Amino acid sequence: MLRAVSLDRVRSASEPFDFAIIGGGATGLGIAVDAASRGHRVALFEQADFAKGSSSRSTKLVHGGVRYLRQGNVALVLEALRERGRLARNAPHLVRNLEFVIPTYAWWEGPFYGIGMKVYDGLAGKLGFGPSRHLSLDESLAMLPNIEREHLTGGVIYHDGQFDDARLAVNLAQTAEANGAAMLNYCRCTGLVKELGAVAGVEVRDAETGEEFTVRARGVINATGVFVDDVRRMDEAAAVKMVAVSQGIHVVLPRSFLPGETALMVPKTADGRVLFAVPWHNCVVVGTTDTARGTAELEPRALDEERDFVMEHARRYLARDPADSDVLSIFAGLRPLVRAAGGKDTAALSRDHTIVVSESGLLTITGGKWTTYRRMAEDMVDRAEIVAGVENRACVTADLPIHGATQTQHPEVNFQPYGADAAPLADLVKGDPQWAEWLHPALPYQCGEVVWHARHEMARTVEDVLARRTRALLLNARAAIEAAPIVARLLSAELGRDAAWQRAQVEAFTILARGYVFTDPASRAATVFA
Ligand SMILES: Cc1cc2nc3c(=O)[nH]c(=O)nc-3n(C[C@H](O)[C@H](O)[C@H](O)COP(=O)(O)OP(=O)(O)OC[C@H]3O[C@@H](n4cnc5c(N)ncnc54)[C@H](O)[C@@H]3O)c2cc1C
């Protein structure tokens, strides 16, 4: 992906695009893939980096959502399980089948959760990842050696999917581009173009140069997640808010707290939520929370009470308790929940997606989850074709391979998330002895990957590389800070930047990354806004 090429295309377009998409998270990227693969002319604008918002901060599960089953939302679970199966087929390099154990501490929990998980298996049908079953006490201890043993009676095992959210986002951007879309990060939509009262395009500012330009489009799609109301107010100043913001945080611990390949699922925390501890790379990700927030921020911060809640539950369910000093990273994300009439509890608001069309024809989509991004996109493009008067064409994404799709595992484990790109990446890394060096002794990434990110994945900043092309910031925030200077040097050589740019990049990344370090109270207060 070359940013300059996309920029040139949108600036010099002589005809309106069929669709301009605002927002480069799961929702907007999915829509770009869908519309472009139907043969429509598409341009997407993301104000920061692809997946900078909620889409890089998820629990990383491709799942039907066991909690929605408990709430009786069978239709949502069914749709998500179907999408889980499709994603595993279309992006096998990024989705893996994971075993989850629900530990049981009372006689009735085994049958209770056992029946629930059988219903889950039944809904998945042929797309199931494997059958659930009861575990004896010994089997549970063998699968979760560090589980709290006091009163443990056994467990229930079930299967679900795990994926890499930000890597999938980059691969979706590449898929959309391969199908003809112009994909731009660091381009903010600052206003809407209107003709005779109808939305006819977007005003855009390139964050790198400050240049402003107008892009005309027959349909404009607002896919800005928790920010949809800001864009709706560019259209109608008095638009009533449609999104409630719910924060969820994750604490990342060393893998030794959850050795093995099995995830832990706590079906009911002290306040009735679901909590996961999931093995990821050489770490374990524990979360999440559901905290109503008044405003949407691009770089949200975990609240002290959220950190305490997650750590307290980790200590309750793990035999060897993690200390605050064990925390490698802590990250927060914001769920865009569609407001229901009345009620403030965000856990009860709709996880389903919603599409609204304004009087001037602005199309807005929000809600849903990563797992259902493809279905959301199909619904949106079906609707957008009608609203924008664009030729109606059939959706092809149910069976469309996503960039990198391959069943072949690359022998070098750290290159596996690149899928089909792993072989050319490995060749590139061999091209220069410096590129074979590791970014940091505690991180599973090599210098040559940064070069690849700049050349092929539109990485523009140190943060793009350390937070989303690699997942260094989430895996080990301190190590990521220490790796920032070398990433800045490698990127600046690729992007033609100078020493001042490198210094500014390292400083900006260090300020941001300190917010992911648990034990640094000074940096906790340093909230970085967009
Ligand atoms: C804690 C947590 C855990 C989750 N876990 C899971 C999970 O395990 N599995 C699952 O399926 N789902 C999960 N989800 C849900 C999933 O992450 C979200 O539903 C999804 O990422 C939302 O994507 P989005 O594209 O709508 O929003 P976002 O990813 O936030 O994307 C919106 C984008 O719009 C951009 N933008 C805003 N304004 C403008 C503008 N004016 N111009 C240009 N761009 C703009 C933003 O920069 C942002 O990148 C989780 C969510 C959270 C918060």
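Residues numbered from 1 in each chain as written. Predicted model: local features only at pLDDT ≥ 70, side-chain atom pairs only at ≥ 80, totals over all residues. Heavy atoms only, no water.

## Considerations on the site of the ligand
Inclusion rule: Summary of the distance rule: residues count as near a molecule or strand when at least one heavy atom falls within 4 Å of that molecule or strand. Polar contacts, as counted here, are pairs of nitrogen or oxygen atoms within 3.5 Å of one another; within protein the pair requires one atom able to donate a hydrogen and one able to accept it, and residues that are adjacent in sequence qualify only if both atoms are side-chain atoms. Each accessible area is a Shrake-Rupley estimate made with a 1.4 Å probe; only the visible protein chains count as cover when residues are assessed. Only Asp, Glu, Lys and Arg are considered charged in this grouping, and only Ala, Val, Leu, Ile, Met, Phe, Trp, Tyr, Cys and Pro are considered nonpolar; every other residue, Gly among them, is considered polar.
Taken together, 36 residues lie near the ligand, and Thr-27, Glu-46, Ser-55, Leu-61 and Thr-371 sit nearest. Take Thr-59: an N or O atom from its main chain is 3.0 Å from a nitrogen atom of the ligand. Between the ligand and Thr-371 there is a distance of 2.6 Å, counted from an oxygen atom to a side-chain nitrogen or oxygen. Relative to its free-state accessible area of 1,000 Å², the ligand is covered by the protein chains to the extent of 96%. Classifying every residue of the shell around the ligand gives 11 nonpolar, 19 polar and 6 charged.

## Observations concerning the nonpolar core
Stated precisely, the cut-off is as follows: Residues grouped as a nonpolar core are buried Ala, Val, Leu, Ile, Met, Phe, Trp, Tyr and Cys residues, joined through side-chain atoms within 4.5 Å. The classification of residues rests on relative accessible area computed with a 1.4 Å probe and restricted to protein chains. Under 20% of the type maximum is buried, over 50% is exposed, and intermediate values are partly exposed. Numbering of helices and strands runs from the N terminus, with a helix taken as a DSSP run of H or I at least four residues long and a strand as a DSSP run of E at least two residues long.
Judged by nonpolar contacts, the single largest core of 49 residues is most densely connected at Leu-439, Leu-466, Leu-473, Leu-490 and Phe-509. Going through the elements one at a time, strand S14 (283-287), helix H11 (422-430), helix H12 (447-456), helix H13 (462-469), helix H14 (472-475), helix H15 (477-495) and helix H16 (499-514) are the ones with two or more residues in this core. The dominant element in this core, judged by the number of residues it contributes, is H15, at 12 residues. Core analysis: the second largest hydrophobic core is formed by 44 residues, Ile-21, Trp-370, Met-376 and Ala-377 among them.

## Quick look at the pattern of salt bridges
Using the following cut-off: For this document, the term salt bridge refers to a Lys or Arg side-chain nitrogen within 4 Å of an Asp or Glu carboxyl oxygen.
Tallied over the entire structure, the rule returns 42 salt bridges. The residue Glu-494 makes a salt bridge to Arg-455 at a minimum N-O spacing of 2.8 Å. Of the two residues, Glu-494 sits in helix H15 while Arg-455 sits in helix H12, which places them 39 residues apart along the sequence. Overall, Arg-455 belongs to the partly exposed group, its relative accessible area being 35%. Among the charged side chains, a network of salt bridges with common partners joins Asp-49, Lys-52, Arg-57, Glu-299, Arg-301, Glu-463, Asp-464, Arg-468 and Arg-469.

## Side note on the packing of H15 against H16
As a reminder of what qualifies: Inter-axis angles, ranging from 0 to 180 degrees, are taken between N-to-C directions of lines fitted to C-alpha atoms, where helices are fitted over the stretch in contact. The scheme is simple: roughly parallel for angles under 35 degrees, roughly antiparallel for over 145, roughly perpendicular for 65 to 115, oblique for anything else. By definition, turning the near helix anticlockwise from the far helix through less than a right angle yields a left-handed crossing, and turning it clockwise yields a right-handed one. Note on contacts: a residue pair is in contact if any heavy atoms of the two residues lie within 4.5 Å.
Between H15 and H16, the shortest axis-to-axis distance is 9 Å and the interhelical angle comes to 155°. The angle between H15 and H16 falls in the class roughly antiparallel. For the pair H15 and H16, the sense of crossing is right-handed. The residues of H16 that touch H15, namely those facing Ala-477, Ala-480, Ile-481, Ala-484, Pro-485, Ala-488, Arg-489, Leu-491, Ser-492 and Leu-495, are Trp-501, Gln-502, Val-506, Phe-509, Thr-510, Ala-513 and Arg-514.

## Comments concerning the packing of aromatic side chains
For any pair of aromatic rings, the description consists of the separation of the ring centres together with the inter-plane angle of the planes. Condition: In this analysis, rings of Phe, Tyr and Trp, with Trp reduced to its six-membered ring, are considered paired at centre separations within 6.5 Å, and the interplanar angle assigns stacked below 30 degrees, edge-to-face beyond 60, and tilted for intermediate values. Whether a charge lies above a ring is judged from NZ of Lys or CZ of Arg, which has to be within 6 Å of the ring centre and within 35 degrees of the ring normal.
All chains considered together, the criterion is met by 9 aromatic pairs. Ring centres of Phe-112 and Tyr-113 lie 5.1 Å apart, and the angle between their planes is 80°; on these two criteria the pair is classed as edge-to-face. Measuring from centroid to centroid gives 5.6 Å for Trp-370 and Tyr-373, while their planes differ by 75°, and the two rings are edge-to-face. This pair shows no difference in class: Trp-370 is buried, exactly as Tyr-373 is. A network of ring pairs unites the aromatic residues Phe-100, Tyr-120, Tyr-158 and Phe-276 as a single cluster. The positively charged end of Arg-273 is found above the aromatic ring belonging to Phe-309, 5.1 Å away from the centroid. Residue placement shows Arg-320 over the ring face of Phe-257; its charged tip is 4.1 Å from the ring centre.

## Quick notes on helix H5 (residues 109-124)
Which entries qualify depends on this criterion: To estimate how far a helix should reach, multiply one less than its number of residues by 1.5 Å. What the arc measures is the spread of directions leading from the helix axis to the C-beta atoms.
When the terminal C-alpha atoms of H5 are compared, their 22 Å separation across 16 residues agrees well with the 22 Å that a helix rising 1.5 Å per residue should span. Residues of H5 that are buried: Glu-109, Gly-110, Tyr-113, Gly-114, Met-117, Tyr-120, Asp-121 and Ala-124. Across the axial projection of H5, the buried residues extend over an arc of 120°, all falling on one side. Every exposed residue of H5 that faces more than 90 degrees away from the buried side is listed here: Ile-115 and Gly-122. Considering only its buried residues, H5 is in contact with helix H3 (66-70), helix H4 (74-90), strand S4 (95-104), strand S5 (133-135) and strand S6 (154-163).

## With respect to empty space enclosed by the protein
Applied cut-off: Cavities and pockets were defined on a 1 Å grid built over protein atoms only: a cavity is a set of grid points that admits a 1.4 Å probe from which the probe cannot escape, a pocket is an open set flanked by protein on both sides within 12 Å along at least five of seven lines, and lining residues are those with an atom within 4 Å of any such point. Grid points are joined across faces, edges and corners, and a volume is the space filled by probe spheres set on the points.
Applying the stated criterion across every chain yields a total of 3 cavities of 30 Å³ or more. The calculated volume of the largest cavity comes to roughly 120 Å³. Only helix H2 (26-37), H4 and helix H10 (373-388) provide two or more residues apiece to the lining of the largest cavity. Sort the elements by how many residues they give to the lining of the largest cavity and H4 lands first, with 4 residues. Here the residues of the lining of the largest cavity sort into 7 nonpolar, 4 polar and 4 charged.

## Regarding a nonpolar patch on the surface
Rules: Nonpolar side chains (Val, Leu, Ile, Met, Phe, Trp, Tyr) within 5 Å and like charges within 9 Å form the patches, drawn only from residues with over 30% relative accessible area and no salt bridge.
On the surface, Trp-107, Trp-108 and Phe-112 cluster together into a nonpolar patch covering about 430 Å² of accessible area. Tracing the backbone through its elements, the reader meets Trp-107 in the loop between S4 and H5. Trp-107 sits in the exposed class, given a relative accessible area of 73%.

## Section: the pairing of strand S18 (residues 363-367)
Using the following cut-off: Any two strands with at least two DSSP-identified bridges between them are counted as paired.
Taking burial as the measure, the 5 residues of S18 include 5 buried ones, the bulk of the element. Looking at chain direction, strand S10 (residues 212-222) and S18 are connected through 2 bridges and run parallel. Across the sheet, residue Asn-222 finds its bridge partner in S18, namely Thr-364. Relative to S18, strand S17 (residues 353-357) is paired through 5 bridges, and the arrangement is antiparallel. Each bridged residue has a counterpart across the sheet, and for Thr-354 the counterpart in S18 is Thr-366.

## Quick look at the confidence of the model for the chain
The condition that has to hold: Within a predicted model, pLDDT stands for the predictor's per-residue confidence, ranging from 0 to 100.
For the chain, mean pLDDT is 93; residues scoring 70 or higher make up 95% of the total. In the model, residues 341-345 has pLDDT below 50 throughout and makes 1 contact with residues more than four positions away in sequence or in other chains. This stretch, residues 522-530, has a pLDDT under 50; its non-local contacts, to residues over four places away or in other chains, come to 15 contacts.

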